[in-house]
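Survey of secondary and tertiary structure
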Amino acid sequence: MANEPVIIEDIEESEITGENAEVYVFQWLSSTERKISEATPQHLKEVQGKLESTFVKIITAPEPYPNPGRALRNVTGRSLVALYTRGETRTLFDTLQAFMRIVGDFKSASDKDVNKIAAYSCIGDIMGAFGSQLMSFMAEIHLVSLKTVKSSQSSLLRFHALVALRKSLTTAKRAVTDSALKDILKQMRYCLTDKALSVQREAANVLTTIYSGADGTHPTGNDAETIVNLCVKSLETADQATRHCLAQLVGHMLASTQIERAVPVPEPAHKVKKDKDEDDADAGLSSAVSVAAEVKKPTFTPNEMLSHLSNHFNKPNVSRKTRTGIFDFYAALLTRLGPTFVEANFALIVSHLMTEIVSNPRNATTRYETLHIRSLVGLLLRDLIGVRMLSEQGQISAIQELANAYLKRWPAMMPGQVAPSSKVLVIVLREVAGLVQQLGNAPPPVQDALAEPLVTLLAHPSHTTRINAAWTLRCFCYSTPLRLPKIILTVTDMLQRDITSITSPAAPSDINLRSLGHAYGLAALISIIPERPLYVSYDVSAKVLDMAISLLKRASEHDLKIAAVEVEVAWTSIASLMALGPNFVRPHLPQLLVLWRNALPKPTSKDGGVGRSIAEWMFLLNVRESALGAILYFLHHNASTLVTLDVGRRIASLLSNALSFANNFISQNIEEPVDIQHPQEQTKGLNLRSSEALLRRQQLLDSVRSPKLERNSGRKAAVHINATTGLLLALRNATSSHFRQARETFGSSQITSLLSPFLQEALVDGDVALRTASSESIGRLASLSGTTFLTAQIKDLVDRVVTNRDPYGRAGCALAFGAIYSHVGGLAAGPLLKTTVNVLMSLSNDPHPVAHFWALSALAQVINAASLAYAPFVSSTLGMLLKIYLMESHEREGGTLLNANLGGEYPAYPVVCQIIDAVISVLGPDIQESPRTRALILNLVREFSVEDADSICVEAIKCIQHFLMFAPDHVNIPDLVSQFRSHLSSSRRPLKLASINALYQLVQKDAFEMSKLGGDRLVEDLFGMLDDDSSVQGVRNVISSWLEQTVVHNPSAWIDLCQRIMSRTTASQQVVDAAGRQGGRDDEGESLSLGMAQDGGAGSYATSRWRTQLFALQCLHHICTIVSRSGRREQLDAAYAQTLGLPTKGLLVTRVPDLIKMAFTASAAYVTEIRLEGLIVLRDVIEQKYLENVLKPHRITLASLWIAALRDYASIRIDSEFLNDTSTVALDSSYSSLGKEVLLPYYAKSWPVILQAVATSMDNNDPYILAAMDGQESIHAVQQAKPAKREEPTAFFYTIFGLVYEALVTSSVESTSTPLARQTLVVSTLQALKCLVRPEYSGNALKEPTIFDEFVSLCYRIAMTEPARVQIHLLEVLSSFASYQENVSGSGDELSLTSPKAHCLRICSYILQHSISASRGHAIPGETSDRVKMIIAAFSAMQAIALSLHSLQQREDIRAVSILLYAGK
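Procedures and definitions
- Numbers given to residues run from 1 along each chain, matching the order in which its sequence is written.
- Given that the model is predicted, a residue must reach a pLDDT of at least 70 before its local features are reported, and side-chain atom pairs must reach 80 or more before they are shown or counted; all residues, however, enter totals for whole chains, interfaces and linings.
- The basis for the side-chain values is all heavy atoms of the structure; hydrogens and waters are excluded.
- Note on conventions: DSSP H or I runs of at least 4 residues are helices, E runs of at least 2 residues are strands, and numbering of each starts at the N terminus.
- Note on exposure labels: buried denotes an accessible area under 20% of the residue type's maximum, exposed denotes more than 50%, and partly exposed covers the range between, all computed with a 1.4 Å probe on protein chains only.
- It only takes one pair of heavy atoms within 4.5 Å for two residues to be counted as in contact.
- The method behind every accessible area is Shrake-Rupley, applied with a 1.4 Å probe, and residues are considered shielded solely by the protein chains displayed.
- Between rings of Phe, Tyr and Trp, where Trp is taken as its six-membered ring, a pair exists when centres lie within 6.5 Å; planes separated by under 30 degrees are stacked, by over 60 edge-to-face, and by other angles tilted.
- Axis lines are fitted to C-alpha atoms, over the contacting stretch for helices. Their N-to-C directions set the angle, which ranges from 0 to 180 degrees.
- Between 65 and 115 degrees an angle is taken as roughly perpendicular, under 35 as roughly parallel, over 145 as roughly antiparallel, and anywhere else as oblique.
- Residues are grouped as follows: Ala, Val, Leu, Ile, Met, Phe, Trp, Tyr, Cys and Pro are nonpolar; Asp, Glu, Lys and Arg are charged; every other residue, Gly included, is polar.
- pLDDT is a residue-level measure of predictor confidence that goes from 0 to 100.
- As used in this structure description, the phrase polar contact means that two N or O atoms lie within 3.5 Å; if the pair is within protein, one of them must be able to donate a hydrogen and the other to accept it, and residues adjacent in sequence are counted only when both atoms belong to side chains.
- Salt-bridge detection follows one rule: a side-chain nitrogen of Lys or Arg within 4 Å of a carboxyl oxygen of Asp or Glu.
- Distance thresholds for patches are 9 Å for like charges and 5 Å for nonpolar side chains (Val, Leu, Ile, Met, Phe, Trp, Tyr), applied to residues having over 30% relative accessible area and no salt bridge.
- To qualify as a nonpolar core, a set must consist of buried Ala, Val, Leu, Ile, Met, Phe, Trp, Tyr and Cys residues joined through side-chain atoms within 4.5 Å.
- Given the number of residues in a helix, its expected span is that number minus one, multiplied by 1.5 Å.
- In this scheme the crossing of two helices becomes right-handed for a clockwise turn of the near helix relative to the far one and left-handed for an anticlockwise turn of less than a right angle.

**Here we look at the overall build of the protein chain**
Broken down by element type, the protein chain carries 67 helices and two strands. For the protein chain, with 1465 residues in total, the buried portion stands at 51%. Pairs at least 24 apart in sequence give 75% of the contacts found in the protein chain among residues at least 6 apart. Carbon together with sulfur atoms contributes 54% to the accessible area of the protein chain, which is approximately 67500 Å² in total.

Written as structure tokens, this is what we have:
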């Protein structure tokens, strides 16, 4: 089939009839487009004439052809381009002339506009591809398109006229005369303020095209200023899409002013008149000098360029919408200028923002303006510059610049200096915090720049600045934990000095605020301790708690002003201590409950408010707010462990007290007098009412229909939204967690009759938030109510749709239909599906964007909820979607002027793609059985995937991903991969992210096929994306999945790729190395670094983000792990590979030197995460190749360390004071809590591995492990340690035996461990137990009745509960135990009922009896191979027990019994 020639079939005009006309033409065009690219040149030559004629017919649309809507005209234009690209171009002129006749007919009726739109679309496509060959048409295109823009009433036609002009200019701009260019520029500037937003958008694109390229068309300063002014003027009415286009234009215009251009230098005037001959002689020289005197410089300086935006931003009457749009201009400008410019001019950009924007008095008129500015500038600095544009070196330089230019300038120390304002400092602190978090380990220059000013800023008089300084200090110490102990002690000392001097009359005036700032800083630092526990002495926390309790106790001795500070400092400190977790809080919980009870007492009669001053109310509110904050953090960090029934009851009582106090306060209606209100900069910025709000939060009013609301429309809207949202949240909670009880309350007719009118009123409101909240509420209420309510709601909604022509009301009804069906469910709402679908399809055809957008959204919701029940409607739905794609009213630029301007906010096509995606889910695998449906879906998705709008393309990619799950054989994978790869390098970020997700799916499906299509280049591109923009998500998943599937076949190629990444250096490492070169360096490290640099070649000085290098190291770890687990011995054994005749080149074993080099270099890196990952890779290499050789010389040391580690683990678990260990130094008892909190997780993770090593050494009769068990570490003691009969157990027998016993007893009830992990632990402990029961370790300890009974009971339980894999090792324990037991029975019978050997025999018999399925009892579970091994082990154990007996008769009896137990089944 693949070799058959492609035949392009003629269109059958007889098929173009009825409702399927559009579908047939669309399908024929889509098929023809694909066949044109696949047909032979000879066949194309034969059919080209007919195809041209057909394409022109489709555009002119004579009978019976349908109107050439968007889908038809787009595919026709692409088909023409493909035809003339592969076929002959002799008739290209005629085809274009035919289209020009259509658009040039200005006398035609308006119903021909659809043909003109299609013709313009084809003209644009043809000129965009072949414009350089058709320059003679440029003058006509210019005149006709501009005349259309001026004279037409259709926004869509005007838009496409400009699109055709823009595409023509991209290839034929040289054919435009100067006068024509001036005419175009004049008209485009006029169109920038056109009433139609679509015209504005395309005019901006045309201007960008004119001022692009290398043809010498460059904007002057006046051009740039004029266009910026017009774009700013248009922002007030612009939607998001228009704002984006205007921003791109402004960014392009202003960025072009930074390009250096030749500027002639004016000649100086001649003072003395020269002779004519002298003039003639000097003429040539003067000309040459004049040319040489030309200099190159940008049109504007960077400051002048930026001021063109800030001047507009700071105008007094500019609206918030316009100001937000201007910051879009800033973002587009900086993006256009690029990372290099931004990094080089970071100081200038920040200075401009802080001076011209943040510090401008116009932008601080209200609190809301300040917050708005902070948000805008923060987004620009953080999300754009900090995350996407600055390299790591740029981040280091940025932190230094921000610290030196702003943070260190507060407070002003020298006369004439002006300290930065609080508004500036807040923004700078937030940006520094973000940069520090990105950097990871801050290099020394960053540490030196930040450590001192951050601590100093804790004393700033502004509350916001203090809080942000505390947060930034936390981020700094988290990333640089070596600084944490010193800084935490420094801040603690400062706070203690503050609270000591706060009562002194000589204390400075800012002592109160300074105390609070240091308390915030200390709280922020304490919260780091759980995440950086090894860097801070644990007694610091205890000291802070003592200080806080002391402050609470002495607060009653001082006046309210001082006491308020002491109380807030104390509770802030206590709240931060709650983050240390249960091990710290548990011993202090009784004291904390008493403190909370004192701070939140039961309200008294005095709380009625009579005689209490404003200051007293402020103090009491502050006390309760602070105490409640500490309770909140206690619950957040300790609730699951420490909140018992009693504790919960007591906290609930405290919360009830606080609420009662708040109610009493509200009832007093207390207002704060204006004359005693405190200035904002001296307090937290909160008045009396604001303080109460922190305690109480916002409450809904009793009635949303209060007459008082009619006088205040703003408050009325707020109350309606709050009430509807509150009801929605209540219904969400009811339907998700209390469904049965909710049906009894919300489902009752009394409740629904009250709620339904209110929700119906909100449903038709013009506010989208009200409509969405009310529709979901109706849906959830319908799920709780009975059939009567459901039927009534559907009937009411149908009546509203029929009678209500308001588009917002119809949109609300559509949302309600979708919500009802999705929440009630397909089973209960099944009878309503047909009605719901019919109504929503009808509303989807509504020309108004609001109505059809929400109707389509609701239809997608219904399809997802109905699932397979929607199958009967699939065909009609797809037909409707194609019709919508062809309708002018549903295009973003189509419809009336009003509708066209709304289309940008309510785009229909992305939702159409969502419906197609839902339809694919409904069809599932059956999509392969319906060629017609499958082809229509694929063609629609392909069309949407090549649309210009990012939102449409993203949704189309999701459809493709879904389609691949059910019918991958019907998709051209190579074309898809090429399309996705083109998006990876796109500046359109949404497309980039969607393509990464799609590539991840393709890689998961078949990484080998992707390797053929993309190769190493695609993986390198993905690594490059990771390095360029670390915020791009999904790249790591793609690479990891690819590696996991292919690395076992070619690990060397992956190692080469990682090596190229690791051959670079990080910015932090560069800074550290530069400092290190001034001193001495480690010779070995130097040599390895030089080796890496040589491997890197020319790129040895290139930098890479540290997170990229970390990921490359993680890939190396995965390479080692996956290959070792694959069982491919040849990768790890060169000799074995040679016996198989395999070339050793490329095997993992040949890359060990490279792995060691990379791992060693990484383990010496500055960034901690890289250092740790380097050690992991080094461990991988050692474990796979050299573990035994590495360990042998160090057995004596390792043996003692292993036993010491197990001893310490036991010490931590049961507290070291109970061990009474005198042979070695135990853990300091003062650090018992530290051990439980910090060390225990490390030991708990590692001790099974250590125990396995100990068991292996014991099993090999290693004398070093025996000596270590006896607490002996010297070589002489080891030589004397021989396995011999002994009475007493070894020094650490009880410690190790206790750990083993506890693990075997508790492992079965560990809910947090997986079955495999649990079985691995049990096997390790049984292997150790097999050796521990031997006399050289246990002596006579196991003969003690209590220990023996516990041991035997444990063995019985394991035999009856564990699978076969565990039973194998239990039998080995029993065999070892019985072999060393002597007859201690007084009767002389070695198999008496209580003898150890009898117990062992019983257990072995039980296991053998239940080894296979039988009528008596259950069979021991396990894999067949494990059960076979278990049976063999059982016979071996019984044989060992028999051989240990002296009586030959008993031996034979055991042999016979064992055979009968097994054979008797």
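Still to come is the rest of the account.
**Section: unusual backbone geometry**
Cis geometry is found at the peptide bond from Glu 63 to Pro 64, where omega equals 5 degrees. By the element assignment, Pro 64 lies in the loop between helix H2 (41-60) and helix H3 (70-86). Trp 410 connects to Pro 411 through a cis peptide bond whose omega is -5 degrees. Here Pro 411 lies in the loop between helix H17 (392-405) and helix H18 (422-439). The phi dihedral of Ser 867 falls on the positive side, at around 55 degrees, and the residue is not glycine. Relative to the helices and strands, Ser 867 is located in the loop between helix H38 (849-866) and helix H39 (874-886). A positive phi angle is found at Asn 1261, which is not glycine, with a value near 55 degrees. With respect to the secondary-structure elements, Asn 1261 resides in the loop between helix H57 (1232-1259) and helix H58 (1263-1269).

**Here we look at the packing of aromatic side chains**
Scanning the entire structure with this criterion turns up 23 aromatic pairs. Here the aromatic rings of Trp 571 and Trp 596 are separated by 6.5 Å at their centres, their planes lie at 10 degrees, and the arrangement is stacked. Taken together, the residues span a long stretch of sequence, with Trp 571 in helix H24 (residues 560-577) and Trp 596 in helix H26 (residues 589-599) at a distance of 25 residues. Assessed through its relative accessible area of 2%, Trp 571 is described here as buried. Classification of Trp 596 by relative accessible area gives buried; the value is 0%.

**A few points about the packing of helix H15 (residues 346-358) against helix H16 (residues 367-389)**
The angle between the axes and the distance between the axes are what describe a pair of packed helices. Contact pair H15 / H16: the axes reach a minimum separation of 11 Å and the direction vectors enclose 170 degrees. Relative to H16, the element H15 lies roughly antiparallel. Here H15 contributes Phe 346, Ile 349, Val 350, Leu 353, Met 354, Ile 357 and Val 358 to the contact with H16, which in turn contributes Ile 373, Val 377, Leu 380, Leu 381 and Ile 385. When its residues are assigned to classes, the contact of H15 with H16 shows 12 nonpolar, no polar and no charged.

**Some words on the confidence of the model for the protein chain**
A residue-level look at the protein chain finds 88% of positions with pLDDT of 70 or above and a mean pLDDT of 84. Every residue in residues 675-685 is under pLDDT 50, and counting partners more than four places away or in other chains gives 13 contacts. Low pLDDT, under 50, characterises residues 1216-1231; the predicted model gives this stretch 18 contacts beyond four residues in sequence or across chains.

**As for the environment of Ser 1324**
Relative to the elements of secondary structure, Ser 1324 occurs in helix H61 (residues 1315-1332). Owing to a relative accessible area of 6%, Ser 1324 belongs among the buried residues under this scheme. Taking the C-alpha atoms as reference points, Ser 1324 and Ile 1250, 74 residues apart in sequence, are found 9.6 Å from one another. If near-sequence neighbours (up to four positions away) are discounted, Ser 1324 is found in contact with Pro 1248, Leu 1251 and Gln 1252. In this structure the side chain of Ser 1324 is engaged in a polar contact, spanning 3.0 Å, whose partner is the side chain of Gln 1252.

**Focus on the pattern of salt bridges**
Summed over the entire model, instances satisfying the criterion amount to 48 salt bridges. Glu 13 is paired through a salt bridge with Lys 57; the nearest N and O atoms lie 3.3 Å apart. Of this pair, Glu 13 sits in the segment before helix H1 (21-38) while Lys 57 sits in helix H2; the two residues are 44 residues apart in sequence, bridging distant segments of the chain. Lys 57 sits in the partly exposed class, given a relative accessible area of 32%. Ionic pairing is found between Arg 1179 and Glu 1183, a salt bridge with its closest N-O pair at 4.0 Å. Remark: Glu 1183 and Arg 1179 occur in helix H55 (residues 1168-1191); sequence separation between them is four residues, near one turn of the helix.

**A word on the side chain of Ser 774**
Relative to the helices and strands, Ser 774 is located in helix H33 (residues 768-784). For Ser 774, a relative accessible area of 0% corresponds to the buried category. The residues touching Ser 774, leaving out its near neighbours within four places in the chain, are Thr 724, Leu 759, Ala 762 and Leu 763.

**With respect to a nonpolar patch on the surface**
Together, Leu 482, Leu 534, Tyr 535 and Tyr 1242 give the surface a local cluster of nonpolar side chains, amounting to about 480 Å² of exposed area. With respect to the secondary-structure elements, Tyr 535 resides in the loop between helix H22 (511-526) and helix H23 (539-554).

**Focus: the side chain of Arg 382**
Relative to the helices and strands, Arg 382 is located in helix H16. Not counting residues up to four positions away in its chain, the partners in contact with Arg 382 are Val 387, Glu 431, Gly 434, Leu 435 and Gln 438.

**A word on the nonpolar core**
Within the largest apolar cluster, 369 residues are counted, with the highest numbers of intra-cluster contacts made by Trp 596 and Tyr 870. Ranked by size, the runner-up nonpolar core spans 69 residues in total, among them Leu 1251, Leu 1342, Cys 1355 and Leu 1408.

**Overview of H23**
A turn of α-helix holds 3.6 residues, and therefore any two residues three or four places apart point the same way. Here H23 spans 23 Å end to end across 16 residues, near enough to the 22 Å set by a 1.5 Å rise per residue. Turning to H23, its buried residues number three or more, namely Val 540, Ser 541, Val 544, Leu 545, Met 547, Ala 548, Ile 549, Leu 551 and Leu 552. Turning to H23, the residues buried within the fold contact helix H21 (484-501), H22, H24, helix H25 (582-585) and H26.

**Re the packing of helix H65 (residues 1396-1409) against helix H66 (residues 1424-1443)**
Where H65 meets H66, the closest approach of the two axes is 10 Å, and the angle between their N-to-C directions is 155 degrees. With respect to their mutual orientation, H65 and H66 come out roughly antiparallel. Where H65 crosses over H66, the two elements pack in a sense that is left-handed. For the pair H65 and H66, contact is made by Lys 1397, Cys 1400, Leu 1401, Cys 1404, Ser 1405, Ile 1407 and Leu 1408 and by Met 1430, Ile 1431, Ala 1434, Phe 1435, Ala 1437, Met 1438 and Ile 1441, respectively. Classifying every residue of the contact of H65 with H66 by side-chain character gives 12 nonpolar, one polar and one charged.

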